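Given next are the chains, with one letter for each unit.
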Amino acid sequence: MMRLHDRIAALIRAEGPLRFDRFMEAALYDPEGGYYEREGRVGRGGDFVTGPSWHPAFGRTMARIARRLRDEEGEKKISAKGEEGLPSGLRAATDVMDIVDVGAGEGELLRAADAALRAWGIREEFRLVGVERSATRRRIAAERCPAAEWVPSFEEIPHVRGLIVAYELFDALPVRALFFEGEKLLERVVTLEPGGEGFAWSLAPCADAAELLERFRARGIHLLRNQKVEVRSGAARVASALGARLSSGLLLVFDYGAPAKALYSAGRANGTLEAFVSHTVTRDVLSGPGGRDLTAWVDFTELAEALADTGLDVAGPVSQSRVLASAGIFEDLATDADAPPDAARVADRRAAAALVQPGGMGESIRVLLASRGTALGSTLASWPRHN
């Protein structure tokens, strides 16, 4: 079978230079050679780590949030009907709640959440659903957490009552690469190097330049001469679809990104497009398609607006550290003063602490919290409260 590099090159020869979002779509998601169809790409032994892949404490903390949502539902029922008005067995509980992981990877989050819910004796009160586009990763995830349902698209989930988690979902959606020359906004496209072996950047007219520039100006963004920017055409649509499916509960969006004015400021005049290979970051995003992760920062203003348009109350973005601390991750870091020293336990606690430590993913990953019918999102976002 022809390798992915050669198939993309053949496409360019046949159709001309490719818009970068088409190149990125193939590099990440091609079913026969895309990056996410390879096992073990995410995690300590792969190219980069995520909160769920780093330590089970992340998944356990998501389970704590889901438990709080369940408890809220139970309290609402008691408040509405009174203790005696509830059927037997529902006085302290409620109907089955959902925990949905969108972009679930190889199942680390739901496996940890499943174990936590079982340890608390409340597993039967929750439905776990993993959404993963990659058939390879979905197969691995189902083996790791067979108690969860595994689907290829969130469109197969008509509504969610509980918790939706989207961890680094949006930064993996394909982006268009643009260049502002001072008066015109141009498309950065992928072509072939002289000789036809490798890929190279070129500039082409941008068909919707006027519309994009007007959108920037409406948000008070004024691009610099020779500034590179990325826009993610599908982000608002995905956010709207997720928001519309949340009938009640909380949607947490964890990602690298910034509000629009900061994202497109002079401090990021070279854009945010990067590749990850063996935990090393590079700006070379054209070499070896399918062999490296491609990513660009998320426009949190765009996502917040899309979620709010579905009727959700949106808080953030705030740091991952704040959300995890507010949700009770320090229960995983607590020590037993009477227990003898144990090197393995200490090492495990230190690994869990990396999820919230300053200078790492605890601060670099930001979180949008979108809620319907609950104040838990604003509570988690505002921790610690000061009188």
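These figures come from a predicted structure and were not determined experimentally.

So, helix 5 (residues 108–119)
Then comes step 1: With 12 residues, helix 5 should cover 16 Å at 1.5 Å per step; its first-to-last C-alpha distance of 17 Å lies within 8% of that length.
Then comes step 2: The complete set of buried residues in helix 5 reads E108, L109, L110, A112, A113, D114, A116 and L117.
Then comes step 3: The first or second residue beyond helix 5 is G121, which carries a positive phi of 75°.

A look at the environment of G59
Then comes step 1: Position of G59 relative to the elements: it lies in helix 4 (residues 56–81).
Then comes step 2: According to the relative accessible area criterion, G59 is buried, its value standing at 2%.
Then comes step 3: Remark: the alpha-carbon pair of G59 and D114, spanning 55 residues in sequence, is separated by 8.5 Å.
Then comes step 4: Those residues in contact with G59 that lie beyond four places of it in its chain are L109, A112 and A113.

Section: helix 1 (residues 4–15)
Then comes step 1: Here helix 1 contains 12 residues, and its C-alpha end-to-end distance of 16 Å stays within 8% of the 16 Å for a straight helix at 1.5 Å per residue.
Then comes step 2: Listed in full, the buried residues belonging to helix 1 are L4, H5, I8, A9 and I12. Along helix 1, the residues classed as buried sweep out an arc of 135° about the axis, all on the same side. Seen from the open side of helix 1, the exposed residues pointing more than 90 degrees away from its buried face are R13 and A14.
Then comes step 3: Summarising the contacts, the buried residues of helix 1 are in contact with strand 1 (18–19), helix 2 (20–29), strand 7 (185–192) and strand 8 (199–205).

Topic: the packing of helix 8 (residues 235–245) against helix 10 (residues 300–308)
Then comes step 1: For the pair helix 8 and helix 10, interaxial distance at closest approach is 8 Å and the crossing angle is 35°. Once helix 8 is placed against helix 10, the crossing between them reads as right-handed. Judged by residue contacts, A235, A236, A239, S240 and G243 of helix 8 engage E302, L303, A306 and L307 from helix 10.
Then comes step 2: Here the contact of helix 8 with helix 10 is composed, by residue class, of 6 nonpolar, 2 polar and 1 charged.

Points about the confidence of the model for the protein chain
Then comes step 1: Per-residue pLDDT for the protein chain has a mean of 87; in total, 87% of the residues score no lower than 70.
Then comes step 2: Across residues 88–93, where pLDDT falls below 50, the model places 6 contacts with residues more than four positions away in sequence or in other chains.

Description of the sheet that holds strand 5 (residues 160–167)
Then comes step 1: Reading across from one edge, 4-3-2-5-10-17-16 is the order of the 7 strands in this open sheet, with mixed pairing throughout. A single partner strand is all that each edge strand has here, and the edge strands are strand 4 (149–151) and strand 16 (313–319). Here the strands of the sheet are splayed against their neighbours by 15° on average, with no regard to which way each runs.
Then comes step 2: As judged from the 7 bridges shared by strand 10 (residues 246–255) and strand 17 (residues 366–372), these two strands associate in the antiparallel manner.

Cut-offs and rules
Residues numbered from 1 in each chain as written. Predicted model: local features only at pLDDT ≥ 70, side-chain atom pairs only at ≥ 80, totals over all residues. Heavy atoms only, no water. Helix = DSSP H or I, 4+ residues; strand = E, 2+ residues; numbered from the N terminus. Expected span 1.5 Å × (residues − 1). Buried < 20%, exposed > 50% of the residue type's maximum accessible area, 1.4 Å probe, protein only. Contact = heavy atoms within 4.5 Å. Arc of directions from axis to C-beta. Axes fitted to C-alpha atoms, helices over the stretch in contact; angles between N-to-C directions. Left-handed = near helix turned anticlockwise from the far one by under 90°. Nonpolar A, V, L, I, M, F, W, Y, C, P; charged D, E, K, R; others polar. pLDDT = per-residue confidence, 0-100. Pairing = 2+ DSSP bridges.

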